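# Overview (structure and organization)
Residues per chain are reported as follows:
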Amino acid sequence: KNRNGRWYDSRDLFPELTCPRTMELLRTGNMRAENGHPLDKDLVRQQTIDPNNIVAYILDLWMDGDFVMGKAVGSNLAIGEAFNQDLLDGFIPAWSLRALGSIENTHRGSEVKGLKIITYDRVQYPSHPEAYTRGIVSESGIVLPEGCTYDMYNVKEKMSKEEKKVNEEKEK
């Protein structure tokens with residue numbers, strides 16, 4: 001259950017992460033995040049990614065228990081470059097699911113049924129308290145803002161021995 005009172009069942013969410021549409025968008029680099037959710041309540045706008053407002057390209061999505069995890073990189077637009085710089089400056093972006101579905105009252109509360117993922121957007125205050133960026137992944141391993149530790153971000157990346165050594169040196 002998230003802060004807006006909605007419940008998303010992972011049994012409904014996982015098939016959407018692995019459906020042909022999502023896999024094609026990820027494979028072709030067309031799964032894109034906007035800078036904020038669209039304010040327009042029109043369903044056509046809700047289903048459309050504004051090419052002038054793309055902040056990040058989502059490269060991968062997967063489930064880690066009941067949590068959706070992902071990898072993204074800032075877009076080539078000015079807002080994407082600012083997003084990348086904010087990351088390097090230590091700001092921690094938040095993310096929010098944009099999806100279609102119906103809300104049904106169940107024993108759990110307001111449950112989203114018939115879920116169809118549109119994208120994940122970068123937002124100021126996510127509807128789930130864990131929906132923040134957990135770390136920056138680079139070719140040399142994971143880089144975190146100064147003063148932060150892996151435990152603070154709960155980063156669960158598989159790293160080679162060389163990458164772990166590089167990160168240990170950076171922490172000293």
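Placed above this text is the structure.
Read on for a plain summary of the structure. Treat the numbers as computed from the prediction; the structure is a model and nothing was measured. What you see as residue numbers is a count from 1 along each chain, following the sequence as written. Reporting of local features is limited, given that this is a predicted model, to residues whose pLDDT is at least 70; pairs of side-chain atoms are given and counted only at 80 or more, and all residues count toward the totals for whole chains, interfaces and linings. For the side-chain quantities, the full set of heavy atoms in the structure was used; hydrogens and water were omitted.

### Examining the sheet that holds strand β4 (residues 67-74)
In this description, strands pair whenever DSSP reports at least two bridges between them. Labels follow the DSSP assignment, with helices taken as runs of H or I lasting at least four residues and strands as runs of E lasting at least two, numbered in each case from the N terminus. With antiparallel pairing, the three strands of this open sheet are ordered in space as β2-β3-β4. Both edges of this open sheet fall to β2 (32-34) and β4, since each of them pairs with a single strand only. For this sheet the average axis-to-axis angle between neighbouring strands, irrespective of direction, equals 45°. Note on contacts: a residue pair qualifies if any of its non-hydrogen atoms lie within 4.5 Å across the two residues. Every axis in this analysis is a line fitted to C-alpha atoms, fitted for helices over the stretch in contact. Angles between the N-to-C directions lie between 0 and 180 degrees. Of the strands in this sheet, β3 (54-64) and β4 touch helix α1 (residues 10-17), which is tilted by about 125° from β3.

### A closer look at the side chain of Thr 22
Take Thr 22: it is sitting in helix α2 (residues 20-28). Given a relative accessible area of 1%, Thr 22 falls into the buried group. In this structure Thr 22 touches Glu 16, Leu 17, Met 31 and Leu 61, once residues within four positions along its chain are discounted. The rule is simple: take the accessible area with a 1.4 Å probe, protein chains only, and divide by the maximum for that residue type; under 20% is buried, over 50% is exposed, in between is partly exposed.

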